[in-house]
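Structure assessment
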Amino acid sequence: QGASCGRLQNYVTTKGGILLRQNYPDLGIDLTSYNASIGIRWGNSGVPQKVNDEGKKHQIREATDCSTFEICRDFVANGYPIWVCSSYGWSSSRDENGYSRQSGSWGHSWVVMGFDDRPETIRKYGFPLFLYNHDWGRWNGGGRRILGTQIDIPEGSFWADARLLNRCETVAMASVNGWPRQAPKMPDFLV
């Protein structure tokens, strides 16, 4: 919630890690729904040690800065999420294929879930797209059907101009504690 991506990256690779979107009764927090006040509170007072210890169960062991959207695309194609920070805002309206235009300015971090650089996509939009997902849930509206498919993108996500990633802070996350390595199962149309 308005935090520094460098500070967050340092946290998930050293002091804590990733908390799953679930209820943690032993920690006194319920993360099943987005609640900005938790991050704001911990940003001001520090993260409780019990939460740090839980996060370390899913600590990220490697984080790589990505300087171009092509590098981001290649990491996503190999199953690694991309963490993005910028001051870009986005339209809350998607077109019939789930595309949203950059509009305004917000400070927030998001995750890149996929890319679409198929020739038909570039013919339609003039550039490749990347799929953004956000922790806000259903905040935007409009089409969700991926161009030329019968597949919908998740609620709250949208396609955006991939070239904009060249001006964002982007980090690939790899090697996370607590989950065994798996072969990527991403559909071809998303990479």
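So, here is what we can say about the structure in this document. All values reported here derive from a predicted model rather than from experimental measurement.

In summary, soluble globular proteins display a tendency toward joint burial of nonpolar side chains. In this structure, Ile82, Trp90, Val112, Phe115, Phe130, Tyr132 and Leu165 are the most contacted members of the largest nonpolar core, which totals 21 residues. At the level of elements, helix 4 (69-77), strand 4 (82-90), strand 6 (102-116), strand 7 (129-133) and strand 9 (158-161) are the ones that each hand at least two residues to this core. For this core, the element with the highest residue contribution is strand 4, accounting for four residues. Among residues more than four places away in sequence, those in contact with Trp90 are Ser100, Arg101, Gln102, Ser103, Trp106, Trp110, Phe130, Tyr132, Trp139, Phe158, Ala160 and Leu164. Counting residues in hydrophobic clusters, the runner-up holds 16 residues, among them Leu27, Val51, Cys85 and Val176.

Applying the stated criterion across every chain yields a total of 13 aromatic pairs. Geometrically, the ring pair formed by Trp110 and Phe158 is edge-to-face, given 5.2 Å between the ring centres and 80 degrees between the ring planes. One end of the pair, Trp110, is in strand 6; the other, Phe158, is in strand 9, and 48 residues separate them in sequence. Side by side, Trp110 and Phe158 carry an identical accessibility label, which is buried. Each ring, one from Tyr125 and one from Phe127, has its centre 6.5 Å from the other, and the planes form 35 degrees; the classification is tilted. Exposure remark for Tyr125: the relative accessible area of 15% places this residue in the buried category.

Before going further, it helps to spend a moment on the pattern of salt bridges. For the structure on display, the rule yields nine salt bridges. Between Glu120 and Arg118 there is a salt bridge; the shortest N-O distance is 3.2 Å. Exposure remark for Glu120: the relative accessible area of 33% places this residue in the partly exposed category. It is possible to trace a salt-bridge network through shared partners that takes in Arg73, Asp74 and Asp117.

Moving on, we come to helix 4. For helix 4, the set of buried residues is Phe69, Cys72 and Val76. Buried residues of helix 4, seen end-on, are gathered within an arc of 55 degrees and therefore sit on one face of the element. Elements that come into contact with the buried residues of helix 4 comprise strand 3 (60-66), strand 4, strand 6 and strand 10 (169-176). Among the residues trailing helix 4, Gly79 stands out with phi positive, at a value near 90 degrees.

A separate point is the environment of Gly89. Its place among the elements puts Gly89 in strand 4. Note on Gly89: relative accessible area 0%, which makes it buried. Residues Gly89 and Asp30, spaced 59 residues apart in sequence, show a C-alpha to C-alpha distance of 28 Å. Residue contacts for Gly89: discarding those within four places in its chain leaves Gln102, Ser103, Gly104, Ser105 and Trp106.

Our next topic: the pairing of strand 10. In terms of burial, strand 10 is largely enclosed, as six of its eight residues are buried. Pairing analysis gives six bridges linking strand 3 to strand 10, with the strands arranged antiparallel. Bridge pairing in strand 10 places Ala63 opposite Met173. Two strands pair when backbone bridges link them, and strand 4 and strand 10 are joined in this way by four bridges, in the antiparallel orientation. The residue bridging Trp83 from the neighbouring strand is Val171, located in strand 10.

In space, the six strands of this open sheet follow the order 3-10-4-6-7-9, with antiparallel pairing throughout. The outermost strands of the open sheet, each flanked by one partner alone, are strand 3 and strand 9. Neighbouring strand axes in the sheet, compared pairwise and without regard to direction, differ in orientation by 40 degrees on average. Lying over the sheet, helix 4 contacts strand 3, strand 4, strand 6 and strand 10, oriented at roughly 45 degrees with respect to strand 6.

Rules of the game
Counting starts from 1 at the beginning of each chain's written sequence and moves along it residue by residue. This being a predicted model, a pLDDT of at least 70 is required before a residue's local features are given, and a value of 80 or more before pairs of side-chain atoms are given or counted; all residues contribute to the totals for chains, interfaces and linings. Calculation of side-chain values draws on the structure's entire complement of heavy atoms; hydrogens and water are dropped beforehand. Nonpolar cores were defined as sets of buried Ala, Val, Leu, Ile, Met, Phe, Trp, Tyr and Cys residues, with membership established by side-chain atoms within 4.5 Å. Remark: exposure states derive from per-residue accessible area (1.4 Å probe, protein chains only) relative to the maximum for the residue type, with buried under 20%, exposed over 50%, and partly exposed in between. A run of H or I in DSSP becomes a helix once it reaches four residues, and a run of E becomes a strand once it reaches two; helices and strands are each numbered from the N terminus. What makes two residues a contact is simply this: any of their non-hydrogen atoms within 4.5 Å. Here a Phe, Tyr or Trp ring, Trp counted by its six-membered ring, pairs with any other such ring whose centre lies within 6.5 Å, and the pair is stacked when the planes are under 30 degrees apart, edge-to-face when over 60, and tilted otherwise. Salt bridges are defined as contacts in which a side-chain nitrogen from Lys or Arg sits within 4 Å of a carboxyl oxygen from Asp or Glu. As used here, the arc is the angular range of directions from the helix axis to the C-beta atoms. Whether two strands pair comes down to DSSP finding at least two bridges between them. Axes here refer to lines fitted to C-alpha atoms; in helices the fit is confined to the stretch in contact. Angles between the N-to-C directions go from 0 to 180 degrees.

Without other data, these values stay purely geometric and don't point to any function.
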